Each structure stands twice: as structure tokens, then as C-alpha cells.
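# Results of the structural survey
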Amino acid sequence: MYAFKIQGGYQLKGEVEINGAKNAILPIMIAALLTKEPLELSNISYLSDVNTLSDLLKSMGMKIKSKKNSLILTADKITNFHADYNFVSKMRASFWVLGPLLARFGEAEVSLPGGCAIGTRPVDLYLNALKEMGAEIKVENGYVCAKGPLHGADIFFPKVSVGATHNTIMAAVLTKGTTTIHNPALEPEVMDLIDVLVKMGAKISGIGTKVLTIEGVDELHGAKHNVVADRIEAATFAVAAALTKGKIFLKGAKSNLMTAVIEPLKLSNVVFKEEKDGILVDATKASLKSTSLTTSEYPGFPTDAQAPLSALLSLAPGMSLIEERIFENRFMHIPELKRMGANITVLNNNAVLITGVKNLSGAQVMSSDLRGGVSLVLAALTAKGESIVKRIYHIDRGYYQLEKKLTKLGAKIKRIKSKN
Ligand code: EPZ
């Protein structure tokens, strides 16, 4: 296993390349199952989640060619409709092959994803939607065994779910008839998937509204697509700038996708300047201000930015309140931040009260999930002394070459071997 060894106290300055969004690359790679023609994706970063999904899709017969930061995916010879537990348990978005397999081939056998550190992560919304569309669903031995054919339906999501929205849209685009989806997720990554599907010939209207109407077509064709920039990676580096009073140009980032994160940082006198190919974040005169945040669906404050912001607010004078409304257990990083000297009280499973401290001190800390892990790296960048952040395989899932990018900006961070 590996860990990051970090010496805190260095100001970050320079330019960082914001890669294609992990949470857009994954559903869009799966959308390649919907056509026998090549789907060419650029602005790809080889995150471990991307590699895991590639392995799953190849196990089904998909051809995947990678060159520099592009992928060409061709599903002209899908040999099986089985998504094995070994893949889905490692990367739950693999579950999203269910919709496309059902729509194009009429059958699928997909492992249930199971829970993860941040919550139980049920899939009831996915399965109810497919049943509305006529799927015959059996759940046995930990697998969802589904049979078509599917038909158009009127779907209502009682709760917003990014994954259930992806899965249902990808099922509907190749399903005869009209499917209406009420209360879909509006995350930029969902918009990016819809953008690709339309390029592939899908007929989708109401895009960007809370009612999507999809006219099924017989076939979809190949397309080329540049994946949208990762707003959470951009937010992470913006927090790094704020914590080190630095100045970072986020190349490729789009501020209109991260307004909910920019607002609290502006409160702390971090200046954002939109340029044609990115955002300049100037935190040289930052003075951290406490605030309260509640995570919610897009365009609200993103749950994936909650842990990074909790690291920042640990150093903001006064009291800050963070409420986590999306997942039931997304505060595993809090006890680790407290080991670094943060003063945080967990009010109940979904809220924490942070009393700002003057500074944090370096410590050995453990990542339990992707965003919690990166919040520990952020805290270590500003902590006094040396920190060791362990189990960084969590972080590698969603941040490509994080230590290289931070080193280029002036951080003192190294990837080292670790026993646990
Ligand atoms: C996606 O997860 C993202 N993952 C998550 O990012 C992100 O935090 C989440 O959306 C919310 O924005 C990817 O895109 C790969 P949901 P997803 O379905 O689709 C409940 C990261 O760090 N729910 O929108 O799994 C669910 O338990 C990851 O990059 C049901 O109850 O999230 C949760 O409480 C973490 N039944 C809420 O809805 C269902 O059938 C939102 O989950 C489905 C979901």
C-alpha cells in the first residue's frame, strides 16, 4: 500500500490542468455499450476508477483503445451481459451497465454494488424505474437478473439520484416509445452524458429541466466527445489555494459549474477570475471566514466538496456548521482532522459543528473514502510539520497524479510505501 508524506506550510502557486470529470467519464464510457460504432472520448485521465471500468467493459467484449488522454470504445462484439461482483464491488458505477445492456440486448446480469464507507447506497430507484419500463427483475445470489423487452414509461423519482438518472436515460434512449423522467438529477455530469447521447442520435427534450422526455430510437451511432472538466477536482485545488494563501490557475475549469463552492471561498476573500481557458484563483489575501453549508443536489452545494471545505473551515475563526443531506455517513474524515488539532463536534450522523483553530499540526492519518482522503491532504498542506496520509488508494480513484500536480505548485509531498 502507499501513503503521502507531506511537509506543511508551503504556498501553492502556478498552473494545474483540471482533467475530465471522473463522474462524467464513467457513465459516458458505459454509454458506448449502446452502439456498435466507436465512441471517441478526449480529456480522459487514467484514474483507477476509469481503469476498473475499462476492465469490466473489456470482460464483456468491448474493445478499448487508449492513446494519450483519449479512449476509443467499440461495442460491436459484446460477448456477455454479466457484470461481475469483483468489478461492481470495487467501483459501484459499474452497476450502470444494467440500463444499456437491457435496452440494447434485452438482458443483463449485474452484481448489486453493495454499500460503501459513505452509506448503504441502495439501488431501489434504478430497479423501480426499469420495472416501470417493463423489465422483469429478479434479485438472487447478490445479482440483479433482468430481462426485457422494455417499453416507454412515465417515471417519477421521489428522490434525486445521479446514478438512477444515468441508468434510466441510457435505458430509455434505445427503448421503443416515449419515456418521461420526472425529477432527474441535473448535475453537470448528467448533462455531459445527455450531450454525448444526443451526439449519438438520441432524441431527448427538456434537457436541463426537471422533466426529461426521451423518444426511443432503433439505433445509435458513434460520436466524438471532449469530457467536461472535473468541478470537484477544481474545487479541491481552489481550497488548496485558500489554505496556503496561494495563487493557482485552474486550466480547463468552468466557474459556472462550481458556483456553490466559489461562494463560501469568496466569503474568505479568495478572488476568482474567469479567463477563456480556465479560472485564476488568487488567495494571496485570503482571510478565512466561518460559514454554514448544507449539501444538496445540483445546483446546491455538492456533497463531494463537503470534506474539502471542512478542512478549510477547521481554520476559519468562529463557528461553522456543515450539514450532509445526501449521504448518511460522510464524516469519516472528521476524527482524522481532529488528530491534526481540528476542533469539530459531530452533532449527529449528518451535521458537524466546527470551531476554527489557529493552525493544524502534522500527524499520521487514514483515508476512508475518496473525498475524505483528499481533505486530509489539504489539511496536511497547511499543517505545521509532517503528515502521513495513509490508504491513498481511495484518493487515486478520483485524483490523477495528485502528488505530481501539487509538487508542481510548490507543495512538499511524496508517495511512499506504507505497511497499512
Ligand atoms: C454519484 O453517486 C457520484 N458518483 C457521487 O460521487 C456523488 O457524491 C453522488 O452522485 C451525489 O452527487 C458517480 O457519479 C460515480 P446518488 P450516486 O444516486 O449516483 C440515495 C465521488 O466522490 N439513493 O445521487 O451513487 C443514495 O443512497 C462520488 O465522486 C437511493 O436511496 O449517488 C444517496 O443517499 C461519491 N436509492 C442519494 O440517493 C437509489 O436507488 C444520492 O445518491 C439511488 C440512490
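Everything discussed here concerns the structure shown above.
Sequence order as written defines residue numbering, which begins from 1 separately in each chain. Only residues with pLDDT of at least 70 are given local features in this predicted model, and only at 80 or more are side-chain atom pairs given and counted; all residues enter the totals for whole chains, interfaces and linings. The side-chain figures draw on all heavy atoms in the structure; neither hydrogens nor water molecules are used.

Below, the discussion takes up helix α7 (residues 188-199). Taking 1.5 Å per residue as the helical rise, α7 with its 12 residues ought to reach 16 Å, and the 16 Å between its terminal C-alpha atoms agrees with that figure. Within α7, burial applies to Pro 188, Glu 189, Val 190, Asp 192, Leu 193, Ile 194, Val 196 and Leu 197. Numbering goes from the N terminus for both helices and strands, where a helix is a DSSP run of H or I of at least four residues and a strand is a run of E of at least two. One or two residues past the end of α7 sits Gly 201, with phi positive at roughly 110°. Expected span of a helix, by definition, is 1.5 Å for each gap between consecutive residues, and there is one gap fewer than residues. When a residue's accessible area, from a 1.4 Å probe over protein chains only, is under 20% of the maximum for its type it is buried; when over 50% it is exposed; and in between it is partly exposed.

What follows deals with the packing of helix α8 (residues 231-243) against helix α12 (residues 370-382). For helices, the fitted line uses only the C-alpha atoms of the stretch in contact; every axis is such a line through C-alpha atoms, and the angle between N-to-C directions lies from 0 to 180 degrees. Between α8 and α12, whose axes approach to 9 Å, the crossing angle comes to 20°. In terms of orientation, α8 lies roughly parallel with respect to α12. Every pair of crossing elements has a handedness; the one defined by α8 and α12 is right-handed. Between α8, through Ile 232, Thr 236, Val 239, Ala 240 and Leu 243, and α12, the contact on the second element is made entirely by Arg 371, Val 374, Leu 378, Ala 379, Leu 381 and Thr 382. The residue makeup of the contact of α8 with α12, split by class, is 8 nonpolar, 2 polar and 1 charged. Between 65 and 115 degrees an angle is taken as roughly perpendicular, under 35 as roughly parallel, over 145 as roughly antiparallel, and anywhere else as oblique. Left-handed describes a crossing whose near helix is turned anticlockwise from the far helix through less than a right angle; right-handed describes the clockwise counterpart. Two residues form a contact once any of their heavy atoms are found within 4.5 Å. In this classification, the charged set is Asp, Glu, Lys and Arg, the nonpolar set is Ala, Val, Leu, Ile, Met, Phe, Trp, Tyr, Cys and Pro, and all remaining amino acids, among them Gly, are polar.

This part takes up the nonpolar core. Judged by nonpolar contacts, the single largest core of 79 residues is most densely connected at Phe 95, Val 97, Ile 169 and Leu 197. Looking at this core element by element, the count peaks at 7 residues for helix α1 (residues 22-31). Those residues in contact with Val 97 that sit more than four places away from it in its chain are Ile 30, Leu 33, Leu 56, Leu 57, Met 60, Ala 83 and Val 110. Residues belong to one nonpolar core when they are buried, are Ala, Val, Leu, Ile, Met, Phe, Trp, Tyr or Cys, and are joined through side-chain atoms within 4.5 Å. Of all hydrophobic cores here, the second largest spans 69 residues; its members include Val 16, Ala 240, Leu 250 and Ile 344.

DSSP calls a pair of strands paired once it identifies at least 2 bridges connecting them. Judged from the 2 bridges that link them, strand β6 (residues 82-83) and strand β7 (residues 107-111) form a sheet pairing that is parallel. Bridge pairing in β7 places His 82 opposite Glu 109. Two elements, β7 and strand β9 (residues 143-147), share 5 bridges in a ladder whose sense is antiparallel. Note on β9: the bridge partner recorded for Ser 111 is Tyr 143.

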